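The primary structure of each chain is shown beneath.
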Amino acid sequence: MDKEQGLININVKDVETHYQFSIEDNGIGIEERFHNKIFKIFHALNKSKDSTGIGLSIVKKIVDLHEGNIWLESEPNVGTTFYFTLKK
């Protein structure tokens, strides 16, 4: 966390055949060139003993099993919003 005060917003909305969830933070953000890479197994942006690089790949598999999609919008030094849909 690079901010004095952390912020997380969680939302859901009904979009026809799916529910769309969003999780927004005001963290360090993710450069666009890494947006697809972070969903691949063992690809962590910040190498540390606490990060295995499997978390988002598991989330993507779960979303895929429920006929949904996952994507993100992010701006470095501003924050990231992850979106995913799950079929009703």
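Residues numbered from 1 in each chain as written. Predicted model: local features only at pLDDT ≥ 70, side-chain atom pairs only at ≥ 80, totals over all residues. Heavy atoms only, no water.

Engineer: Explain the pairing of strand β2 (residues 18-25) to me, please; I cannot follow it from the model alone.
Structural biologist: Sheet topology places strand β1 (residues 8-15) next to β2; 8 bridges connect them, and they run antiparallel. The partner of V15 across the bridge, within β2, is H18. What sits between the antiparallel neighbours β1 and β2 is a turn of 2 residues, in which E16 has the positive phi angle 55 degrees. Judged from the 8 bridges that link them, β2 and strand β4 (residues 79-87) form a sheet pairing that is antiparallel. The residue bridging S22 from the neighbouring strand is Y83, located in β4. (Pairing = 2+ DSSP bridges. Helix = DSSP H or I, 4+ residues; strand = E, 2+ residues; numbered from the N terminus.)

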